[in-house]
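A structural walkthrough
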Amino acid sequence: MRRDYSSDVEGGRPVRVRYEIGGRLDVPAYLAFVAERASWLDIAGWAAAEGDGVTLVASGPEALVGALEMACTLGPLDALVTHIAGTDTNEPVGAGFELR
């Protein structure tokens, strides 16, 4: 379902951020959690398992990407996120969100 947001009210400038996320994660469950939250927020990008952690590239209005970062920091109930590091990126992303 596509949601329309006013970037003046809900998001600000468009951003694209690459996150490296680690901690005590059930990686498949954490990836499903991230994809669901990205869908709720209408964020484009992708997430993939990387070793014991997750790499996430999120593209959308600044405030909504920030909201996804906060959700990823909190994680699902059984996760303990110990670090999340974000860097701006120009990496291309598709129109939706995918798990790789």
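Everything that follows concerns the structure shown earlier in this document.
Residues numbered from 1 in each chain as written. Predicted model: local features only at pLDDT ≥ 70, side-chain atom pairs only at ≥ 80, totals over all residues. Heavy atoms only, no water.

1. Side note on the overall build of the chain
To keep things clear, this is the line we draw: Counting from the N terminus, the helices are DSSP H or I runs at least four residues long and the strands are E runs at least two residues long. Only protein chains enter the accessibility calculation, which uses a 1.4 Å probe; a residue is then buried when its area is under 20% of its type maximum, exposed when over 50%, and partly exposed in between. What makes two residues a contact is simply this: any of their non-hydrogen atoms within 4.5 Å. Computed by Shrake-Rupley with a 1.4 Å probe, the accessible areas treat only the displayed protein chains as cover when residues are assessed.
Within the chain, the secondary structure is distributed over 3 helices and 5 strands. For the chain, the N- to C-terminal ordering of α and β elements is α-β-α-β-β-α-β-β. The 100 residues of the chain split such that 39% are buried. Contacts in the chain between residues far apart in sequence, at least 24 positions, make up 80% of those at least 6 positions apart. Accessible surface, the chain: about 5700 Å² in total, of which carbon and sulfur atoms supply 53%.

2. Topic: the sheet that holds strand E3 (residues 53–61)
Which entries qualify depends on this criterion: When DSSP locates at least two bridges between a pair of strands, those strands are taken to pair. An axis is simply a line fitted to the C-alpha atoms; with a helix, the fit covers only the stretch in contact. Between two such axes, the angle follows the N-to-C directions and lies from 0 to 180 degrees.
Here 5 strands make up an open sheet; going across it, the order is E4-E1-E3-E2-E5 and the pairing mixed. Edge strands, defined here as strands with exactly one partner in the open sheet, are strand E4 (80–88) and strand E5 (97–99). With strand direction ignored, the average angle separating the axes of adjacent strands in the sheet is 20°. Sheet strands touched by helix H2 (residues 27–41): strand E1 (14–24), strand E2 (44–50), E3, E4 and E5. Its angle to E5, the strand with the most contacts, is close to 175°. Seen against the sheet, helix H3 (residues 62–74) touches E1, E3 and E4 and runs at an angle of roughly 155° to E3.

3. Observations concerning unusual backbone geometry
Its identity is not glycine, yet aspartate 42 carries a phi of approximately 60°, on the positive side. Topologically, aspartate 42 is positioned in the loop between H2 and E2.

4. Notes on the pairing of E2
The side chains of a regular strand alternate between both faces of the sheet. Along E2, 5 of the 7 residues are buried, which leaves the element largely enclosed by surrounding structure. The hairpin formed by E2 and E3 contains 2 residues between the paired strands, and glycine 51 there has a positive phi angle of roughly 65°. Where E2 meets E5, 3 bridges bridge the pair, whose relative direction is parallel. Within E5, the position partnered with tryptophan 46 by the bridge is glutamate 98.

5. Side note on H2
This is how it is decided: A helix is expected to reach a length of 1.5 Å times the quantity of its residues less one. In this context, the arc is that of the directions from the helix axis out to the C-beta atoms.
The end-to-end C-alpha distance of H2 is 21 Å, a good match for the 21 Å that 15 residues give at a rise of 1.5 Å each. Along H2, the positions that sit buried rather than exposed are Val27, Tyr30, Leu31, Phe33, Val34, Arg37, Ala38 and Leu41. End-on, the buried residues of H2 take up no more than an arc of 160°, which puts them together on one face. Close packing links the buried residues of H2 with E1, E2, E3, H3, E4 and E5. Count one or two residues on from H2 and you reach aspartate 42, which has phi positive near 60°.

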